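Fold and geometry: a report
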Amino acid sequence: VQLVESGGGSVPPGGSLRLSCAGSGFTFSRYFMSWHRQAPGKERELVASITSAGDRSNYAESVKGRFTISRDNAKNTVYLQMNNLKPEDTAVYYCKAVGLANYWGQGTQVSVSS
């Protein structure tokens with residue numbers, strides 16, 4: 001089983017990034033997917049989640065209106081579009097698959113600074 005995140009990087013405030021998380025080794029379309037983040041010295045927190053069919057999603061209050069989670073089950077991939085990024089969005093971002101078992105990716109760094 002693998003979850004591989006990509007798309008992280010460094011951007012100025014107000015910038016955008018699109019994270020991708022590709023899954024393999026499990027039936028991706030049957031799993032609820034979520035994005036989490038962990039900033040230095042802080043606990044890991046849930047950012048956004050999406051149902052297995054992609055018909056419902058939820059967001060942390062801090063990212064509502066700026067981030068969008070989506071998925072393409074044909075590509076076994078979940079995305080996180082992040083717009084209007086703020087310095088407080090700086091963190092390592094992880095994707096998670098939730099189903100019969102839970103799986104985590106290795107994380108991708110997002111840095112927002114001027």
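Just above sits the structure.
Criteria and cut-off values
- Residues numbered from 1 in each chain as written.
- Predicted model: local features only at pLDDT ≥ 70, side-chain atom pairs only at ≥ 80, totals over all residues.
- Heavy atoms only, no water.
- Salt bridge = Lys/Arg side-chain N within 4 Å of Asp/Glu carboxyl O.
- Buried < 20%, exposed > 50% of the residue type's maximum accessible area, 1.4 Å probe, protein only.
- Helix = DSSP H or I, 4+ residues; strand = E, 2+ residues; numbered from the N terminus.
- Pairing = 2+ DSSP bridges.
- Axes fitted to C-alpha atoms, helices over the stretch in contact; angles between N-to-C directions.

**Re the pattern of salt bridges**
- Scanning the model with the defined rule gives four salt bridges in all.
- In this structure, R37 engages E45 in a salt bridge whose closest nitrogen and oxygen atoms are separated by 2.6 Å.
- On the basis of relative accessible area, E45 is assigned to the partly exposed category, the value being 34%.
- When the shortest N-O distance is used, the salt bridge between R37 and D89 registers 2.9 Å. In this pair, R37 is assigned in strand β4 (residues 32-38) and D89 in the loop between β8 (77-82) and β9 (91-98), connecting sequence segments 52 residues apart.
- We classify R37 as buried; its relative accessible area is 6%.
- Note on D89: relative accessible area 0%, which makes it buried.
- One connected set of salt bridges, linked through shared partners, spans R37, E45, R66 and D89.

**Considering the sheet that holds strand β7 (residues 67-72)**
- The sheet built from four strands is open, its strands ordered β1-β3-β8-β7 with antiparallel pairing. Pairing within the sheet leaves two strands with one partner each, and these edge strands are β1 (2-6) and β7. Averaged over all pairs of adjacent strands, the angle between strand axes in this sheet comes to 15°, irrespective of strand direction.
- As judged from the six bridges shared by β7 and β8, these two strands associate in the antiparallel manner. By the bridge assignment, S70 is partnered in β8 with Y79.

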